[in-house]
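Listed below, chain by chain, are the residues.
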Amino acid sequence: MILQVDILRMIAEFIGTIFYYSRAVLTPFGEVMKLWIDAVLGLMNQYIPMEISIYAIIFVVLIICGVIINYHWPGEKKGKEKKEKKEIEPSADKCKYCGKPIGDSEFCPYCGSRN
Amino acid sequence: MGGMKNIFRGFIGMAIYIITFMLIPILTFDFVDNMEIPVPPDQILNIDIAKGNIDVVKFWLIALGLMISGLAFFTWSSPRNSRRKIVFSMLLVFTNCFYLWSYKFSGATLFGIEIPGLGSVTLDFAEMVMLYLGAYTLIIIAKIWKLIEVEIGKRKEKKEEKVYIPDSTFGKDGGAV
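Summary of the structure given here. (Residues numbered from 1 in each chain as written. Chains lettered and ligands numbered in written order. Predicted model: local features only at pLDDT ≥ 70, side-chain atom pairs only at ≥ 80, totals over all residues. Heavy atoms only, no water.)

### Comments concerning the interface of chain A and chain B
At step 1: If you look at the interface, chain A gives 45 residues, while chain B gives 50 residues.
At step 2: Linking chain A with chain B are zero salt bridges, by the criterion used here.
At step 3: One can count five residue pairs in polar contact (both at pLDDT 80 or more) joining chain A with chain B.
At step 4: Of all the secondary structure elements, the ones that give two or more residues to the side of chain A that touches chain B are helix H1 (2-47), helix H2 (52-72) and helix H3 (77-91) of chain A.
At step 5: If you tally residues by element for the side of chain A that touches chain B, the top one is H1 of chain A, at 16 residues.
At step 6: When its residues are assigned to classes, the side of chain A that touches chain B shows 27 nonpolar, seven polar and 11 charged. (Contact = heavy atoms within 4.5 Å. Salt bridge = Lys/Arg side-chain N within 4 Å of Asp/Glu carboxyl O. Polar contact = N/O pair within 3.5 Å; in protein donor to acceptor, adjacent residues only side chain to side chain. Helix = DSSP H or I, 4+ residues; strand = E, 2+ residues; numbered from the N terminus. Nonpolar A, V, L, I, M, F, W, Y, C, P; charged D, E, K, R; others polar.)

Structure, rendered in structure tokens:
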């Protein structure tokens, strides 16, 4: 028990020290933030009624939008295409005589020689 | 398949935010509000939060908690290094600022403790809120920087793609051009 209290006190002192020294830097930033938050809250109080249903609707809309967007654009297509291209490139056959790509065909479309 | 993975990740993020931003604070406030510490002889130490205005505190916790959870879903489900992930994480930080400030304007940062026979003590945590808001400012700056970084990265990628793809040497039907 005594050990636990000591550890808690140590943690509290450590956090307190961080707060104490960062206060001089962070509090002015906080004051600036306070200005715009107050302004926005003033507008919110004017135009948005204090009803939980409005926030619940926003929550549901965000989830549905997230699901739809991630289903249609998972953000992986480009990477896959690129990888496929890179895989195809080195394996593409070249003509023995002119060195130009011939794909899978037996005859070179440029010089006509058989490979 | 990747889309479903993203959505699953989003739901995990949402659950974490619902627990940490809604459930734990509401339960804590409920617990502290109903807590009665017996002080001998036959008296009770009363802790007064938000000047008895606990319902307003709970309303803002739920309202902004819902918004934060929705945005967290969007942020967590977005693919890495995508613009939408950074934009929504920035919106999440902005909403976090409101959430934090809601503690202040609803009076949740004020704790009054009445000690029978001795008087009362008032604890004001408003200064701590300011400190956190300052920290959030730095996070916003970092996010803006990240957005610029991603934008530059995307443009570079596009340029490389243009250089990388060679003009096809074959026609559409497979014959030589």
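### Let's talk about empty space enclosed by the protein
At step 1: Under the defined criterion, the tally for this structure stands at one cavity of 30 Å³ or more.
At step 2: Along its surface, the largest cavity is lined by Met 44, Asn 45, Ile 48, Pro 49, Met 50 and Tyr 55 of chain A together with Trp 60 of chain B.
At step 3: Counted by class, the lining of the largest cavity contains six nonpolar, one polar and no charged residues. (1 Å grid on protein atoms, 1.4 Å probe; cavity = no way out; pocket = protein on both sides within 12 Å on 5 of 7 lines; lining within 4 Å. Points joined across faces, edges and corners; volume = space filled by probe spheres on them.)

### Here we look at the packing of aromatic side chains
Residues and elements named next belong to chain B.
At step 1: All told, the structure shown has 13 aromatic pairs over all chains when counted by the stated rule.
At step 2: Here Phe 59 and Trp 60 contribute two aromatic rings whose centre-to-centre distance is 5.2 Å and whose plane-to-plane angle is 80 degrees, an arrangement assigned as edge-to-face.
At step 3: Residue Phe 59 is classed as buried on the basis of its relative accessible area, which comes to 13%.
At step 4: Measuring from centroid to centroid gives 3.9 Å for Phe 74 and Phe 88, while their planes differ by 10 degrees, and the two rings are stacked. In this pair, Phe 74 is assigned in helix H2 (residues 54-77) and Phe 88 in helix H3 (residues 83-105), connecting sequence segments 14 residues apart. Assigned by exposure class, Phe 74 and Phe 88 land together as buried.
At step 5: Taken together, the aromatic side chains of Tyr 17, Phe 21, Phe 29, Tyr 99 and Tyr 103 make up a single cluster linked through ring pairs. (Phe/Tyr/Trp six-rings, centres within 6.5 Å; stacked < 30°, edge-to-face > 60°. Buried < 20%, exposed > 50% of the residue type's maximum accessible area, 1.4 Å probe, protein only.)

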